[in-house]
Amino acid sequence: RSTEGAFVPKLDLFQIEPAHYKELETVEQQLDLLRELWTIKKEWDDNCQGEFPRKFRELDVEAMDDNAAAFQKRVMKKKQMAINYPLWHQIKSSIDVYRATMPLITSLRSDAMRTRHWESIMKEVNTTFDPFGDDFTLQRVFDLELNKHSELIARLSDEARKEKKIEVGMATINEVWDKLELDVTTHKSDYYKLRGTEELF
């Protein structure tokens, strides 16, 4: 472009119209697009580097997903022009995996999850880890590729919630019966019966 610009005064001297090079314009557009994609990639990588060391129990999943959604929106705006670029697919895939992992983290952080549920996950991924340890970070979650075991995690999370509901119900029943005083009297010398049943209902 600088060379082209330098020739303009000389062309004007001979009253010659400067030529327009469509190929050059196309190359410029492609370079601008690549610069934008590399900028997005760097910002996304920086974002991940800041999130990955964070402890699993301290993750703000909603905020993280909102942030990733904003990146995803920027990437998808470039789809029509950049769909043939491997770099575009690389960025998109990274964000897709990240966002797909967020619901799994929410499920795994449920207080209904018990040791037996975590042991099932460890068996599935063939690796042991401490989900309550300081070294269990977002990076560890991605290293374990838990997103590839989404069906198992969803099932275990659902079972955990149902089991907790039953546990809470049983605890409530036990608490009521522990405090309940029954008035029992003899019946026909060999049997016992409740004198009153009002408190049972």
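Given the structure is predicted, the values throughout are model-derived calculations rather than measurements.

Asker: Pulling in residues and values, what's your account of the packing of helix α5 (residues 86–108) against helix α8 (residues 150–179)?
Answerer: If you want to describe how two helices pack, look at the angle between their axes and the distance between the axes. Packing of α5 against α8 brings their axes to within 9 Å, and their N-to-C directions diverge by 30°. When the axis of α5 is compared with that of α8, the two are roughly parallel. Read as a crossing pair, α5 and α8 show a hand that is left-handed. Across from Leu 104, Ser 107 and Leu 108 in α5, the residues of α8 making contact are Ser 150, Ile 153 and Ser 157. Its residues placed into classes, the contact of α5 with α8 shows 3 nonpolar, 3 polar and no charged.

Asker: Which residues make up the layout of surface pockets, and what values do they have?
Answerer: Approximately 190 Å³ is the volume found for the largest pocket. Lining the largest pocket are Trp 44, Asp 45, Cys 48, Gln 49, Phe 52, Ser 94, Val 97, Tyr 98, Gln 139 and Phe 142. Elements represented by at least two residues in the lining of the largest pocket include exactly α2 (22–51), α5 and α7 (138–143). Among the elements that line the lining of the largest pocket, the one with the most residues is α2, at 4 residues. When grouped by side-chain class, the residues that make up the lining of the largest pocket number 6 nonpolar, 3 polar and 1 charged.

Asker: Summarise the pattern of salt bridges; cite the residues concerned and give the values.
Answerer: Enumeration according to the criterion identifies 17 salt bridges in this entry. A salt bridge links Lys 41 to Asp 45; the nearest nitrogen and oxygen atoms lie 2.7 Å apart. Taken together, the residues span about one helical turn, with Lys 41 and Asp 45 both in helix α2 at a distance of 4 residues. The partly exposed category is assigned to Asp 45, whose relative accessible area is 30%. The shortest N-O distance in the salt bridge between Lys 162 and Asp 158 comes to 3.2 Å. One end of the pair is Lys 162 and the other is Asp 158, both in helix α8 and 4 residues apart, which spans about a single turn. Take Lys 162: its relative accessible area is 52%, and that puts it in the exposed class. If you follow the salt bridges from partner to partner, you end up with Arg 114, Arg 116, Glu 163 and Glu 167 in one network.

Asker: So what's going on with the nonpolar core? Residues and values would help.
Answerer: Ranked by internal contacts, the top residues of the largest apolar core, which has 41 residues, are Tyr 98, Trp 118, Ile 121 and Leu 138. Elements with a minimum of two residues in this core: α2, α3 (61–77), α5, α6 (115–125), α7 and α8. Considering every element that reaches this core, the biggest residue donor is α5, with 9 residues. If we ignore the near neighbours within four places in the chain, the residues touching Tyr 98 are Trp 44, Asn 47, Cys 48, Glu 51, Phe 52, Met 64, Ala 68, Leu 138 and Phe 142.

Asker: Give a description of the environment of Lys 55 that names residues and reports values.
Answerer: Along the chain, Lys 55 falls in the loop between α2 and α3. Overall, the relative accessible area of 32% leaves Lys 55 in the partly exposed class. Between the alpha carbons of Lys 55 and Phe 136 there is a distance of 6.1 Å; along the sequence they are 81 residues apart. Those residues in contact with Lys 55 that sit more than four places away from it in its chain are Asp 134, Phe 136 and Thr 137.

Cut-offs used in this document
Throughout this description, residue numbers start from 1 for each chain and increase along the sequence as written. Predicted model: local features are reported for residues with pLDDT of at least 70 only, side-chain atom pairs are reported and counted for 80 or more only, and whole-chain, interface and lining totals are derived from all residues. For side-chain calculations, the full set of non-hydrogen atoms in the structure is used, while hydrogens and water are omitted. Fitted lines through C-alpha atoms give the axes, limited to the stretch in contact for helices. The angle between two N-to-C directions lies from 0 to 180 degrees. For helices the rule is a DSSP run of H or I covering at least 4 residues; for strands it is a run of E covering at least 2, with both sets numbered from the N terminus onward. Any angle that falls under 35 degrees is termed roughly parallel, while one over 145 is termed roughly antiparallel, one within 65 to 115 roughly perpendicular, and all others oblique. A clockwise turn of the near helix away from the far one marks a right-handed crossing, whereas an anticlockwise turn of less than a right angle marks a left-handed crossing. We call two residues contacting when some pair of their heavy atoms lies within 4.5 Å. Polarity classes work like this: nonpolar for Ala, Val, Leu, Ile, Met, Phe, Trp, Tyr, Cys and Pro, charged for Asp, Glu, Lys and Arg, and polar for all others, with Gly in that last group. Grid points spaced at 1 Å over the protein atoms alone were grouped into cavities, where a 1.4 Å probe fits but cannot get out, and pockets, open sets with protein on both sides within 12 Å along at least five of seven lines, with lining residues defined by an atom within 4 Å of a point. Grid points are joined across faces, edges and corners, and a volume is the space filled by probe spheres set on the points. The term salt bridge refers to a pairing of a side-chain nitrogen on Lys or Arg with a carboxyl oxygen on Asp or Glu at a separation within 4 Å. Relative accessibility thresholds used throughout: buried, under 20% of the residue-type maximum; exposed, over 50%; partly exposed, between the two (1.4 Å probe, protein chains only). By convention a nonpolar core is built from buried Ala, Val, Leu, Ile, Met, Phe, Trp, Tyr and Cys residues, the set being connected through side-chain atoms within 4.5 Å.

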